[in-house]
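The lines below spell out each chain.
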Amino acid sequence: MHQAPKLTRFNENVMAKYQIYNGIFMTLPFDTITKTGVLLPLFHSVCKQGFSNKKNPKEIVESFFKTYQENPSEEKKIKLLFRFIQYIERQVVLFDAIEDAAFPIVNNMDGVGTLRNSKETATSENKWEALQKHLQKFKVRLVLTAHPTQFYPGTVLGIITDLTEAIKKNDLLQINQLLAQLGKTPFFKHQKPSPFDEAVNLIWYLENVFYHSASTVYNYIQSNILEYKSNPNEIINLGFWPGGDRDGNPFVTTEITLKVAERLRQTVLKNYYRDLRKLKRHLTFEGIEEIISELEINIFENSVNAQLNTLIPLADFKKKLETIKKILIANYQSLYLSEVEDIINKVHLFGYHFASLDIRQDSRVHHNVFADIVTTLQSNGNHIFKDNYLELSEKEQIQILSNVSDNIDVSIFKDEMVQKTLGSIQAIKTIQQQNGELGANRYIISNNKTALNVMETFAMFKLSGFGNKLPVDIIPLFETVEDLENAANVMEQLYTNTSYKNHLKDRKNKQTIMLGFSDGTKDGGYLMANWSIFKAKEDLTKISRKYGITALFFDGRGGPPARGGGKTNKFYASLGPTIEDEEIQLTVQGQTISSNFGTLDASQYNIEQLLSAGISNNLYSHENDKMSLENTKIMNDLADTSYQAYVDFKNHPKFLPYLERMSTLKYYAKTNIGSRPSKRSPKSEGLNFADLRAIPFVGSWSQLKQNVPGFFGVGTALKKYEDNGEFNKIKQFYKESAFFKALIGNSMMALSKSFFELTKYMENDEEFGEFWKLIYEEYKTSKRLILKLAGYSKLMQNNAVGKASIDMREEIVLPLLTIQQYALLKIQELQKDEKTNTEAVKIYEKMVTRSLFGNINASRNSA
């Protein structure tokens, strides 16, 4: 049957349904004053018209009240604005649910980038054996993080799930009830979640989505590509940061780390129990019924009582499932075989760990901790370290660290951070005993600058009784432009260290290296960060291969292009032969989890897109796909030019004051969406750029609808070539390089989500007017030249559905953005008074904070 074009399917199944269900939603009586639903569309119209007439948000809001309200008191105005915020938040939820419900209709689940498409392409290109061989070792690792960009509480996520299902079935009665429930369910969190709360929220996705979607993808590969051949490779790995990520989060304790690991084990056991219970109803055969009953009882008892310690060893669990499979094939005509194979595959994928709990801490913390360890050991008569150790050179310290080994008593240390750091290392040992080695076998060092940073961490494990064979990967995270440039030198020092090289032999000569997009962009701007990471990967691949090591790259990506997000699968498909591609590892956080992996369909589709990107890059990239010397030279020049523009911008005297006083930056900490402080040094006074987290930094630009980190410097770099009459060189580069095309495409997305009319009033500001104009000029230059480069008449011209979705979401939150800017203007106005009305300021500050929720959720990848 002929399928309608994608945009038509989107309009029919998303846009049209939103108009219908939003109409129902707006007429529901959520409060005693039922006029809110009538007034909001009018306010929306006033906002739209007001911005087109170059009015500022204060004028727009006052114009609305003057036109549609009869002399309202200040209290009534504020109440109505808060109700508008509540309504718009829920409109966003409604649109999310409708888009999720339509996902398999709008997207071709067997089209380009899916495994079926990869299979058919491999067959037609005579690459069938190469595909099978590649899947024997290739992996995708999705690491769920607790970074605070998700504003939906668990209750709302549950409503979205139910609403999505009701919309799929066109169940109007159920939709009506859920919309009513949504209208009365609070969005605002009055207290910050604990790291354990964050873990529980994300485990919901493991239990309800990934458990099914990952196994569905794996089942397809096993049956349709590997043809049931034995394959020890899991292909899909899941990682987990909540409860293990200590970087800048003082609330993560050893107890919480252990508690989260236990929760992960209990959850996967519950899922196994549910599957075994279903199987038991079908496998009523002699020789099988007894085995399945025994497994069901054992798994159930241990799923409800973590202290029971009678859990069947994982290897025995697998053997019993294989025994059931053999009996079915031999005696019962393979009846229900696919159900048995499904649970076998799930146990292979998830073991008793479900997801690997990563531990992370900052190198600067480690360095201080290690100094305390040395001095405390010395004062307690332990002479592992020379008396003058702390005065030795880095090279001499590394030499000593290479040979240390002990099982030191943690109780001798009085410093809390030392206890926490060594406690987390001991926790890894405990977790591995209970959940298996995959339960926790990675330790990440943030802000890694030197080989000493790695060796200090390595030594802490050796001092904690792990012995000669360390069942843990030590992972340096390189973040700043300078650190990325030096990364290969750091790794060469490690590869030539005998002790560390022996450790890598025990880890199958594989070294995971993490690269940070978020802080890279914050440090060096969009083009330079992405290019620095690309070059670092090339250099690290080269140096690793020289020493017989396979580099595994772990990308610290956020949601928006400015933090390595956007269409990530296109990046992985475009890397070429000069970058190691045995695994794709990336962080998935906040809204990106719910938007890309929040439903079974979306999760399966996006896992397949990443797998197919890796397959495509490995099977179809050739030596001549390498970036030419001429194009490399151009990319270097573009990155350098944009970097200089960004650094000049970052060093502008108004840069930090603008963020602090004209944006929503300081309000992020008040949203109570994450356990982690918004600054690395929360006790420091004033705004320090180095301490500023990437999420509130990028998110604040997004709230202003300026999206600076996603484009600043791009226009300046492209204009240099236009001014020199060499723009054709850039066009040719764009045509030849999939990497550059993906880079520009993601910047285009950042530009699409910008709306400078919202803050145009700032151009007349006495203090910040010139700074606003500087940003706006770079935006206009970037937009004009990116369109010229791509040959488009409008942004995202090649992705009409993506653009339509963005446009609709921006349309929904336009009144919310207006209210936010209105509140910021009122705060500024009140603070200029000699006698500041502090109560009024508090009310408008609350209004700003409340407005953050809907704006972030609507953008889906803005922070």
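All residue numbers here refer to positions counted from 1 along the written sequence of the relevant chain. Local features in this predicted model are restricted to residues of pLDDT 70 or higher, and side-chain atom pairs are both shown and tallied only at a pLDDT of 80 or more, whereas totals for entire chains, interfaces and linings draw on every residue. With hydrogens and water set aside, each side-chain value is computed from the structure's full complement of heavy atoms.

Caption draft 1: Structural view of the pattern of salt bridges. Each salt bridge in this description consists of a side-chain nitrogen of Lys or Arg and a carboxyl oxygen of Asp or Glu lying within 4 Å of one another. The final tally for this structure, using the stated rule, is 46 salt bridges. The residue Glu722 makes a salt bridge to Arg784 at a minimum N-O spacing of 2.9 Å. Taken together, the positions of Glu722 in helix α29 (residues 714-723) and Arg784 in helix α32 (residues 769-790) put the pair 62 residues apart, joining distant regions of the chain. A salt bridge links Glu777 to Lys780; the shortest N-O distance between them is 3.1 Å. Placement of the pair is Glu777 and Lys780 together in helix α32, with a separation of 3 residues, close to one helical turn. Whether a residue is buried, partly exposed or exposed follows from its accessible area with a 1.4 Å probe, protein chains only, as a fraction of its type maximum: under 20%, in between, or over 50%, in that order. Residue classification places Lys780 among the partly exposed positions, given a relative accessible area of 37%. What you see here is one network of salt bridges that share partners, running through Lys58, Glu62, Lys826 and Glu829. Elements are defined by DSSP. Helices are runs of H or I of four residues or more, strands are runs of E of two residues or more, and each kind is numbered from the N terminus.

Caption draft 2: Region of the structure containing unusual backbone geometry. Positive phi outside glycine occurs at Asn71, with the angle close to 45°. Tracing the chain through its elements places Asn71 in the loop between α3 (57-68) and α4 (74-101). In this structure, Ile235 is a non-glycine residue whose phi angle is positive, near 70°. The topology assignment puts Ile235 in the loop between α10 (195-225) and β2 (236-240).

Caption draft 3: Up close: the sheet that holds β2. A pair of strands counts as paired when DSSP detects no fewer than two bridges linking them. Spatially, β3-β2-β1-β9-β8-β7-β6-β5-β4 is the arrangement adopted by the 9 strands of the open sheet, whose pairing is parallel. Looking at strand neighbours, the two that pair on one side only are β3 (356-357) and β4 (359-362), the edges of this open sheet. Sitting on the sheet, α10 is in contact with β1 (139-145) and β2, with an inclination near 175° to β2. We call two residues in contact when some of their heavy atoms are within 4.5 Å. Axes here refer to lines fitted to C-alpha atoms; in helices the fit is confined to the stretch in contact. Angles between the N-to-C directions go from 0 to 180 degrees.

Caption draft 4: Structural context of the layout of surface pockets. Reported here for the second largest pocket is a volume of approximately 940 Å³. Lining the second largest pocket are 41 residues, with Lys139, Glu234, Leu438, Asn441 and Lys508 positioned closest to its centre. Elements represented by at least two residues in the lining of the second largest pocket include exactly β1, β2, α13 (314-331), α14 (337-350), β7 (510-516) and β9 (583-589). The leading source of residues in the lining of the second largest pocket is α14, at 4 residues. Cavities and pockets are defined on a 1 Å grid built over the protein atoms alone: a cavity is a set of grid points where a 1.4 Å probe fits but cannot escape, while a pocket is an open set with protein on both sides within 12 Å along at least five of seven lines, and lining residues are those with an atom within 4 Å of any such point. Grid points are joined across faces, edges and corners, and a volume is the space filled by probe spheres set on the points.

Caption draft 5: Main features of helix α12 (residues 289-304). To estimate the expected span of a helix, count its residues, drop one, and scale the result by 1.5 Å. With 16 residues, α12 should reach 22 Å at 1.5 Å per residue; the first-to-last C-alpha distance of 23 Å fits that figure. Residues Ile291, Ile292, Ser293, Leu295, Glu296, Asn298, Ile299, Asn302 and Ser303 constitute the buried set of α12. Residues of α12 that are buried sit in contact with α11 (254-282) and α13.

Caption draft 6: Representation of the side chain of Ser213 within the structure. Assignment of secondary structure puts Ser213 in helix α10. In this structure Ser213 touches Leu600, Ser603, Gln604 and Ile607, once residues within four positions along its chain are discounted.

Caption draft 7: Structural context of the packing of aromatic side chains. In this scheme Phe, Tyr and Trp rings, the latter by its six-membered ring, pair at centre separations within 6.5 Å, and the angle between planes marks the pair as stacked below 30 degrees, edge-to-face above 60, and tilted otherwise. Across all of its chains, the model carries 49 aromatic pairs by this definition. Considering the side-chain rings of Phe43 and Phe84, the 5.2 Å spacing of their centres and the 15° angle between planes classify their relative orientation as stacked. Of this pair, Phe43 sits in helix α2 (residues 36-52) while Phe84 sits in helix α4, and the two are 41 residues apart along the sequence. Phe84 carries the same exposure label as Phe43, and that label is buried. Summarising the aromatic geometry, the rings of Phe697 and Trp701 are spaced 6.5 Å apart at their centres and angled 90° between planes, so their arrangement reads as edge-to-face. With Phe697 and Trp701 both in helix α28 (residues 694-703) and 4 residues apart, this pair spans about one turn of that helix. We note that Phe697, like Trp701, is buried. Counting every residue linked through ring pairs, the aromatic cluster contains Phe649, Phe655, Tyr658, Phe697, Trp701, Phe712, Phe768 and Phe771. Only when the NZ of Lys or the CZ of Arg is both within 6 Å of the ring centre and within 35 degrees of the ring normal is a charge said to sit over the ring. Of note, Lys259 hangs over the ring of Phe196, and the distance from its end group to the ring centre comes to 4.2 Å. Over the ring of Phe853 we find Arg850; its NZ or CZ atom is 5.6 Å from the centre of that ring.

Caption draft 8: Molecular detail of the pairing of β7. For β7, the buried fraction is high: 6 of the 7 residues fall into the buried class. Pairing of strand β6 (residues 473-478) with β7, which is carried by 2 bridges, proceeds in the parallel orientation. Following the sheet pairing, Leu477 is matched in β7 by Met514. By the bridge criterion, 7 bridges tie β7 to strand β8 (residues 550-556) in an arrangement that is parallel. Each residue of the ladder has a partner; that of Gly516, found in β8, is Gly556.

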